[in-house]
Amino acid sequence: MKTKNLLTALFIFLSNAVYAQSFYEMVFHFGGTKPSEISYIKAFYLLNDDGTGDMRISYTGATPGESFIIECGLKQGFGLDKEKNYDYSKMYYTGKDFIYVDRENKPAEFPPITFWFKYNEEYDQYDPWAVMSKDLKGNTLQGLIDELKLLEDKDFTKEFVLTYFTKDDEIYKNLFATNIRALTPEEKKSKMYFLVVADTDDEQIGPDCLKDKEKQLAYFKKIADKLEIGFIPSELSGKELNRNNLLQRIDAITPTKNDIVIFHYSGHGYSKNDNRQFPYLDLRYDKDIPVREGDEINMEDVYELIKNKPGRLNLVISDCCNWHLSMSNMQSANIANPRPSPVGLSLENMKALFMDPNRTSLLITAAQKGEVSAGNAVSGGIFSGQFRDALQKYMGINYQNITWEQITQNVRTQTVTVAGYSNCPRPENPQVIGACKQTPVYKLN
């Protein structure tokens, strides 16, 4: 009963959570027609919505000395059609370059393993489909999946965790070795101010911006609810979008030193021939009229206005282009995810990011100067989605001692990767269309 109660306390995002991780346990084998010829492989793998993952394989030999645990990272990829274009109906994760977990991280001689998934149109998700490897000559081997289980919180017992992990691993520490401390009554007086600005009426990108607005509001409200702190939202969109209204909304935010302020912009942005690396926000309601000085504001100016308030955590985020004014946000491919696991997050990790007594301010935008941002009406902006995915990933039970630097680095890396699955004008030659180059830029104080 103690284990069950502990797990219940730890997994704080349950039935109403926004999931972004899939935990599987799989037993599979290659070759052999007789039971005595078959070597079964038992694997635990974690898939993140950002296209990364980890795999552990547990092998039980005849003696303890013959048993081992090995691990590797997983990298996402997609099938190709006859014209060598991405076929998003087939997705895979490949793991190679294994190391021993329980033998001082020594390299392990183990063949690469690839898990394939098929797109399920009915549920808009990927389902496990096949497992493959290669022999010593490089020939492809088709494996057989003997058992497959999507893991839930109740599956993470001590016995199960120690099958694949040691007591030094973050998952074990988070589940069984960390004293969970709820927020104090004083900490629960903190508030999260959230101002979302979205160009929802724009003919080109309005639906994308609307999706960003909805998803960001829902996600950060859930974080505030789980921390048990107040959530104070404010919106600026549609015909109300202009510089004066934006400045009034910012001025209306009145945080104390214990509060959190989050600003998110989704709309048109552009750069100028100046030294500013962050974009100017295009705040014209009517994009057919020329830009006037009062129709724009640079993201760094928004950042300074918010940073000058006394909040403990300031996040200033923009999902927009950072190129010349005539360019527009590009439409990206809509890529589904594997079926998520109903497994929660670490309260300690949430507190480390959002309740740190050391004051932190972050300015981050979707693309560096000379690049466009990509998104669609189903998922919203690639960058906004990767920001949520990074938060969800690092607040998970498999991490400890997380920082905003880790979050921003992950957002940057994965936005570059995911954007590459869509096509955009090339920065060096706008007449040439190729894989999108979208590199977030940030400033962390």
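Remember, predicted model here, so these are calculated numbers, not experimental data.

### Side note on helix 9 (residues 404-419)
An α-helical segment advances 3.6 residues per turn. Residues three or four places apart therefore align on the same side. For helix 9, spanning 16 residues, the distance from its first C-alpha to its last is 22 Å, which sits close to the expected 22 Å at 1.5 Å a residue. Along its buried surface, helix 9 packs onto strand 3 (52-59), strand 17 (313-319), helix 7 (347-354), strand 20 (360-365), helix 8 (382-394) and strand 25 (441-444).

### Comments concerning the packing of aromatic side chains
As enumerated under the stated definition, the model contains 31 aromatic pairs in all. When the centroid spacing of 4.8 Å and the interplanar angle of 50 degrees are considered together, the rings of Y92 and W116 count as tilted. Note that Y92 is positioned in strand 5 (residues 86-95) and W116 in strand 7 (residues 113-120), a separation of 24 residues in sequence. Relative to F160, the ring of F156 has its centre 5.6 Å away and its plane inclined at 75 degrees; by these criteria the two rings are edge-to-face. For the residue pair F156 and F160, the accessibility class agrees, reading buried in each case. Ring pairing ties together the aromatic residues Y24, F28, F30, Y45, Y93, F115 and F117, which thus form one cluster. Stacked on the ring of Y280, the Lys or Arg K272 has its end atom at 4.5 Å from the ring centre.

### A look at unusual backbone geometry
Unusually for a residue other than glycine, E228 sits at a positive phi of about 65 degrees. With respect to the secondary-structure elements, E228 resides in the loop between helix 4 (206-227) and strand 12 (230-237). Assessed through its relative accessible area of 48%, E228 is described here as partly exposed. Its identity is not glycine, yet N401 carries a phi of approximately 55 degrees, on the positive side. Mapping N401 onto the fold places it in the loop between helix 8 and helix 9.

### Some words on the sheet that holds strand 16 (residues 296-298)
If you trace the three strands from one edge of the open sheet to the other, you get 14-15-16, paired in antiparallel fashion. Of all strands in the sheet, those with a lone pairing partner are strand 14 (269-270) and strand 16, marking the two edges. Looking at chain direction, strand 15 (residues 280-282) and strand 16 are connected through three bridges and run antiparallel. Bridging from a neighbouring strand, Y280 pairs with N298 of strand 16.

### Concerning the pairing of strand 11 (residues 191-198)
A large share of strand 11 lies buried, amounting to seven of its eight residues. Following the chain from strand 11 across helix 4 to the adjacent parallel strand 12, one finds a crossover that is right-handed. As paired strands, strand 11 and strand 13 (residues 260-266) are joined by seven bridges and run parallel to one another. Its bridge partner being in strand 13, A198 is matched across the sheet by S266.

### Concerning the sheet that holds strand 13
Spatial ordering of the open sheet is given by 12-11-13-17-20-25, a layout of six strands whose pairing is mixed. Edge positions in the sheet fall to strand 12 and strand 25, since each has one partner strand and no second. The sheet shows a mean angle of 10 degrees between the axes of neighbouring strands, direction not considered. Contacting strand 13, strand 17, strand 20 and strand 25, helix 6 (residues 299-307) runs over the sheet at an angle of about 160 degrees to strand 17.

### Brief notes about the pattern of salt bridges
Inspection of the entire model under this criterion finds 21 salt bridges. Measuring nitrogen to oxygen at the nearest pair gives 2.8 Å for the salt bridge that ties R56 to D169. Taken together, the residues R56 in strand 3 and D169 in the loop between helix 2 (158-164) and helix 3 (170-177) connect sequence positions 113 residues apart. Residue classification places D169 among the buried residues on the basis of a relative accessible area of 11%. Between E214 and K211 there is a salt bridge, with the nearest N and O atoms lying 3.8 Å from each other. Note that E214 and K211 are positioned in helix 4 at a spacing of three residues, about one turn of the helix. Judged by its relative accessible area of 23%, K211 falls in the partly exposed class.

### Remarks on helix 8
Taking 1.5 Å of rise per residue, 13 residues should cover 18 Å, and helix 8 covers 18 Å from first to last C-alpha, within 8% of that figure. Here helix 8 lies mainly inside the structure; 13 of its 13 residues are buried.

### Description of the environment of G269
For G269, the location among the structural elements is in strand 14. The buried category is assigned to G269, whose relative accessible area is 4%.

Procedures and definitions
Residues numbered from 1 in each chain as written. Predicted model: local features only at pLDDT ≥ 70, side-chain atom pairs only at ≥ 80, totals over all residues. Heavy atoms only, no water. Helix = DSSP H or I, 4+ residues; strand = E, 2+ residues; numbered from the N terminus. Expected span 1.5 Å × (residues − 1). Contact = heavy atoms within 4.5 Å. Phe/Tyr/Trp six-rings, centres within 6.5 Å; stacked < 30°, edge-to-face > 60°. Buried < 20%, exposed > 50% of the residue type's maximum accessible area, 1.4 Å probe, protein only. Lys NZ or Arg CZ within 6 Å of the ring centre and 35° of its normal. Pairing = 2+ DSSP bridges. Right-handed = clockwise from strand over helix to strand, strands pointing away. Axes fitted to C-alpha atoms, helices over the stretch in contact; angles between N-to-C directions. Salt bridge = Lys/Arg side-chain N within 4 Å of Asp/Glu carboxyl O.

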